[in-house]
Amino acid sequence: MRYRDPANRIRLQLLALVLAGAVALPLPALAELPSLGSQTGGELTATQEVEIGQRFLAQARQELTFVHDPEVVAFVRLLGNRVAAQTDFDAYPFQFYVVKDSRLNAFAVPGGHIFVHSGLIERSDSVSELAGVLAHEVAHITQRHMARQVAASKRSQASSLLLVAAAVLAGMQGHGEAATGLVAGASAYSQQEMLAYSRSHEREADRLGVKYLAGAGFNPDGLPRFLQKLQSWSQLQGRAPPPYLSTHPLTGERIADAKGRASQLDNGSNAPLGETAFARIKARVQAITADSPEKAFQELQERVRSHPEDQAARYGLAIAAGRSGRSQQALDQARALVADHPETVAYRRTLAELYLAEGQTDAAIDEIKAALERRPGNPDLREALGKTLLAQGKAEQARQTLREVTRDFPERPSGYSALANALSRLDRPVEAHRSEAEARWLQGQRTEALEQLRLAKRLARERDSAQLSQIEARIRELEP
Ligand SMILES: [Zn+2]
């Protein structure tokens, strides 16, 4: 038995309750899967892991709210990929996602999918802390911990993995109250066995995590520092334990071990991604994920008042001002930032967005072009350019720009949506619906995506039968 320690047992019992709650979730993927794992006796193959990851992702897109903001997503991906580049794992590529959720959590799913909550980003005090959390998750993947854990249990591996996935989702959504068991027939022991990583897996992920961190040029102490913070939060009376702790058991020994490992490594003074950029991302996350834009505005305004030199806070304030309907203040703040730091692309892009929202398209184009000179090819800027051209009525130019963006960056839902608008303006409705379908699909809205494709199909029959077979093929791919 791995879980002799009472604190762990309590944590795992809590987790079993969470798992019981998962029955309330619609989990069609669960019913389909068992054939996947049943033909093999040993561990899952990489192909099976990839398939499970894709099913999990499809489910997660329905159940969770993702942050699609290009700047935030790009930062987390860059950070994660820098860390992942330190591994020699090549079974499948890593994918990083940001979930809009204020609670502290990060988790990895077989197939290389790593998720981090917006709340964890906001509460990381340095870029090495966030990189440390990602590095730990990367190590769970490279060591195939979840797959090995499940292989050690007696259940069909694939269905067990999906139970884990379901539990992760259920736990994140707080479905802890339902009484019936999702895992009919599974003993409490096997539930425990499946849900949380073992202590030895945690230790291994920490050790490799600090190694990846240092190798990538970050301060390896970021990981133990974050763990320590988690521990003090969880010890605060009356505070619900962060969801992170339910799958990543934390002990004093684990922190000490990670600290010891980190102290033997170079402290990464040449961090490839600086604290300035990270502070900016945190302020942006705060401004865009706040359920109350007004509250975010007040908080950031307070921060700027007490620290007028705090660039990141001024940046967050510009965004929060825009979101809370204070367009003039937003413009003033962003213009001042661009004047003080003309080299920072993020400020110019935000200013351009604000101009665009105000209908000042010429000013928006000027800012975007100035930023593109510094960062040619940047997808955010190219997408902003496309949208602004469309706002100026230059639909064909907009279409070309946005078509290139979706071709070069096919994972961006915003690119497809903008392209759909341009196509629609050009009276090309079949393509417009197809493009909108891709945007919906990438945002996890399968039903809406299929609806768009069926509209496209109906119109194609009337006016553009050349597209019919492609549309039908896409419908077959997306149908559950
Ligand atoms: Zn862990």
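The rules behind these values
Residues numbered from 1 in each chain as written. Predicted model: local features only at pLDDT ≥ 70, side-chain atom pairs only at ≥ 80, totals over all residues. Helix = DSSP H or I, 4+ residues; strand = E, 2+ residues; numbered from the N terminus. Contact = placed C-beta atoms within 7 Å. Buried ≥ 20, exposed ≤ 12 C-beta atoms within 10 Å, placed from the backbone. Pairing = 2+ DSSP bridges. Axes fitted to C-alpha atoms, helices over the stretch in contact; angles between N-to-C directions. Parallel < 35°, antiparallel > 145°, perpendicular 65-115°, else oblique. Left-handed = near helix turned anticlockwise from the far one by under 90°. Expected span 1.5 Å × (residues − 1). pLDDT = per-residue confidence, 0-100. Core = buried A, V, L, I, M, F, W, Y, C linked by C-beta atoms within 7 Å. Nonpolar A, V, L, I, M, F, W, Y, C, P; charged D, E, K, R; others polar.

1. Here's the deal with the overall build of the chain
- Across its full length, the chain holds 26 helices and 3 strands.
- The long-range fraction of contacts in the chain, counting pairs at least 24 apart against all pairs at least 6 apart in sequence, stands at 66%.

2. Observations regarding the pairing of strand β3 (residues 113-117)
- Summarising burial for β3: 5 of the 5 residues are buried, a large majority.
- Alternating positions in β3 separate into two faces, His-113, Phe-115 and His-117 on one and Ile-114 and Val-116 on the other, with burial throughout.
- Examined bridge by bridge, strand β1 (residues 95-99) and β3 share 5 bridges and lie parallel to one another. Looking at the pairing, Gln-95 lines up with His-113 of β3.
- In this sheet, β3 lies alongside strand β2 (residues 106-109) in antiparallel orientation, the contact comprising 4 bridges.

3. Details of unusual backbone geometry
- Residue Arg-144 is not a glycine yet carries a positive backbone phi of 50 degrees.
- Tracing the chain through its elements places Arg-144 in the loop between α7 (127-142) and α8 (145-152).
- Phi at Asp-427 is positive, roughly 55 degrees, even though this residue is not glycine.
- For Asp-427, a count of 8 C-beta atoms within 10 Å corresponds to the exposed category.

4. Let's talk about the sheet that holds β1
- The 3 strands are arranged β1-β3-β2 in an open sheet whose pairing can be described as mixed. Looking at strand neighbours, the two that pair on one side only are β1 and β2, the edges of this open sheet. Adjacent strand axes in the sheet meet at a mean angle of 20 degrees when their direction is disregarded.
- Across the sheet, helix α5 (residues 70-84) is in contact with β1 and β3; its angle to β1 comes to roughly 140 degrees.

5. Details of the environment of Lys-387
- By secondary structure assignment, the location of Lys-387 is in helix α21 (residues 379-391).
- Judged by C-beta crowding, with 26 C-beta atoms within 10 Å, Lys-387 ranks as buried.
- It is 9.1 Å that separates the C-alpha atoms of Lys-387 and Thr-401, two residues lying 14 residues apart in sequence.
- Setting aside chain neighbours within four positions, we find Lys-387 in contact with Leu-356 and Ala-418.

6. Let's talk about the packing of helix α16 (residues 293-306) against helix α17 (residues 311-323)
- Two numbers describe how α16 lies on α17: the axes approach to 8 Å, and their chain directions differ by 150 degrees. Comparing their axes, α17 and α16 come out roughly antiparallel. For α16 against α17, the interelement crossing comes out left-handed. Contact residues: α16 offers Pro-293, Ala-296, Phe-297, Leu-300, Gln-301, Arg-303 and Val-304, while α17 offers Ala-313, Arg-314, Gly-316, Leu-317, Ala-320, Ala-321 and Arg-323.

7. Some thoughts on α7
- Compared with an ideal rise of 1.5 Å per residue, which puts 16 residues at 22 Å, α7 spans 22 Å between its outermost C-alpha atoms and is within 8% of the ideal.
- Counting buried positions along α7 gives 16 out of 16 residues, so the element sits mostly inside the fold.
- Positive backbone phi, approximately 50 degrees, marks Arg-144, located one or two places after α7.

8. Here we look at the confidence of the model for the chain
- Summarising the model, the chain shows a mean pLDDT of 82, and 80% of its residues fall at 70 or more.
- The low-confidence segment residues 1-41 (pLDDT under 50) makes 84 contacts with residues lying over four places distant or belonging to another chain.

9. What to know about the nonpolar core
- Counting 109 residues, the largest nonpolar core has Val-83, Ala-131, Leu-134, Val-138 and Leu-213 as the members making the most contacts within it.
- By residue number, the principal contributor to this core is α7, which donates 9 residues.
- Residues within four places of Val-83 in sequence aside, it is in contact with Ala-131, Leu-134, Ala-135, Val-138, Tyr-212, Leu-213 and Ala-216.

10. Describing the packing of helix α20 (residues 361-374) against α21
- Contact geometry of α20 with α21 gives a least axis separation of 10 Å together with a crossing angle of 155 degrees. In terms of orientation, α20 lies roughly antiparallel with respect to α21. In the crossing of α20 with α21, the sense of the turn from one axis to the other is left-handed. Residues Thr-361, Ala-364, Ile-365, Ile-368, Ala-371 and Leu-372 of α20 lie in contact with α21, whose contacting residues are Leu-381, Ala-384, Leu-385, Thr-388 and Ala-391.
- Its residues placed into classes, the contact of α20 with α21 shows 9 nonpolar, 2 polar and no charged.

11. Observations regarding helix α24 (residues 429-442)
- Under the 1.5 Å per step criterion, the end-to-end length of α24 is 20 Å for 14 residues, consistent within 8% with the ideal 20 Å.
- Of all 14 residues in α24, 13 are buried, a share of seventy percent or more.
- In the stretch just after α24, Gly-444 is the one whose phi turns positive, near 85 degrees.

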